[in-house]
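Listed below, chain by chain, are the residues.
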Amino acid sequence: MAWSIAEVARMSGVTSRTLRHYDEIGLLPPAWIGSNGHRYYEEADLLRLQQILLMRELDLGLREIQAVLDSQVDRVAVLREHHQRLLAERDRLGTLARTVGRTIAELEEAEENDSMTKINRPENLFEGFEPSPEENEKVRDRWPRAWEQSQRAVATMTAEDTERWQREVTAQMIRVAEFMVAGTPVDDPAVQTEMAEHYRGVCRFWTPNAAAYKGLAQTYVDEPQMRANFDKIANGLAVYQRDAMVVYADARLS
């Protein structure tokens, strides 16, 4: 039995364009191509696509995925390994969710505390991340290619995508604030792991080099609305975040 590229796209949620790209790079060639030029896939191809999607969920690159698939013969063993990784990721996310929930509860209870303030509506933290026309013009002039990339990325986001992104950023800001309040140095490996996660988040919109990433870090401090958003989580968080980003840029970026 074989399925057309349109049917595979509908079943898997992978676009036809992506499937054609996978064919072009040799990652997922179709079983055969019809006289009409359409690609057709058989059961073995669908199983390979499933493995590709599983590894994509684990943030493996396409070259890494192809190397894994080409070196593995036992599909069951590969799937079992993926399953174990997914279970580990589930446990990690569960722990993270409990940590964030506990932190939010503590923040709400610490309304009178000078170092941490209550978060009434987390989405309000992001009102300052929409630059003013003047700030937008500065960014466009300084990093025109980055500005164009970010605009294209934002244009593709749905309301659900935006809400999910806001929640992720809020959770990370809280985690970084916890390090700051605990007195953890910005070059501590745990803090730098968070900066690596922050950098990956930025790269969803554009890919800054070291200088650009430092420039973004300084913007968090210099731009009043952005600084206020960080300091709603914890006083001084904008400066702490900037310093941690500078350390990351010097150590990891070029």
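J.: Provide a residue-level description of helix H11 (residues 224–233), including the pertinent values.
T.: Along H11, the residues that are buried comprise Met226, Asn229, Phe230, Asp231 and Ile233. Put simply, Glu223 is the residue that caps the front of H11, since its side-chain oxygen is 3.0 Å from the backbone nitrogen of Met226.

J.: Before we move on, could you go through the packing of H11 against helix H12 (residues 237–252) and cite the residues and values that matter?
T.: For any two helices packed against each other, one specifies the inter-axial angle together with the distance between the axes. Running from N to C, H11 and H12 cross one another at 105°; their axes reach a closest spacing of 7 Å. Considered as vectors, H11 and H12 are oriented roughly perpendicular to each other. Of H12, the residues touching H11 (which contributes Arg227, Phe230, Asp231 and Ile233) are Leu237, Ala238, Val239 and Gln241.

J.: I'd love a proper account of the pattern of salt bridges, names of residues and values included.
T.: Opposite charge on two side chains allows them to pair when their charged atoms are near. Scanning the entire structure with this criterion turns up seven salt bridges. A salt bridge links Arg175 to Glu194, with the nearest nitrogen and oxygen atoms 2.7 Å apart. On the criterion of sequence distance, the pair formed by Arg175 in helix H8 (residues 159–181) and Glu194 in helix H9 (residues 189–202) is long-range, its members being 19 residues apart. Classification of Glu194 by relative accessible area gives buried; the value is 12%. Residue Asp231 pairs with Arg227 through a salt bridge whose shortest N-O separation is 3.8 Å.

J.: Break down the sheet that holds strand S2 (residues 32–33) for me, with residues and values.
T.: Read across the open sheet, the three strands follow the order S1-S3-S2; overall the sheet is antiparallel. A strand with exactly one partner marks an edge of an open sheet, and here the two such strands are strand S1 (2–4) and S2. Bridging between S1 and strand S3 (residues 39–42) involves three bridges; their strand directions are antiparallel. Bridged to Ala2 within S3 is Glu42.

J.: Could you give an account of the environment of Arg204, naming the residues involved and the relevant values?
T.: Assignment of secondary structure puts Arg204 in the loop between H9 and helix H10 (210–222). On the accessibility criterion, Arg204 (43% relative accessible area) is partly exposed. Reaching out from Arg204, the side chain makes a polar contact with the side chain of Glu168 at a distance of 3.0 Å.

J.: Kindly report on the pairing of S3, identifying the contributing residues and their values.
T.: As paired strands, S2 and S3 are joined by two bridges and run antiparallel to one another. Pairing of Trp32 across the sheet is with Tyr40, part of S3. Between S2 and S3, which follow one another and run antiparallel, lie five residues, and Gly37 among them has a positive phi close to 85°.

Cut-offs and rules
Residues numbered from 1 in each chain as written. Predicted model: local features only at pLDDT ≥ 70, side-chain atom pairs only at ≥ 80, totals over all residues. Heavy atoms only, no water. Buried < 20%, exposed > 50% of the residue type's maximum accessible area, 1.4 Å probe, protein only. Helix = DSSP H or I, 4+ residues; strand = E, 2+ residues; numbered from the N terminus. Polar contact = N/O pair within 3.5 Å; in protein donor to acceptor, adjacent residues only side chain to side chain. Axes fitted to C-alpha atoms, helices over the stretch in contact; angles between N-to-C directions. Parallel < 35°, antiparallel > 145°, perpendicular 65-115°, else oblique. Contact = heavy atoms within 4.5 Å. Salt bridge = Lys/Arg side-chain N within 4 Å of Asp/Glu carboxyl O. Pairing = 2+ DSSP bridges.

Keep in mind that these numbers describe shape and distance, not what the molecule does.
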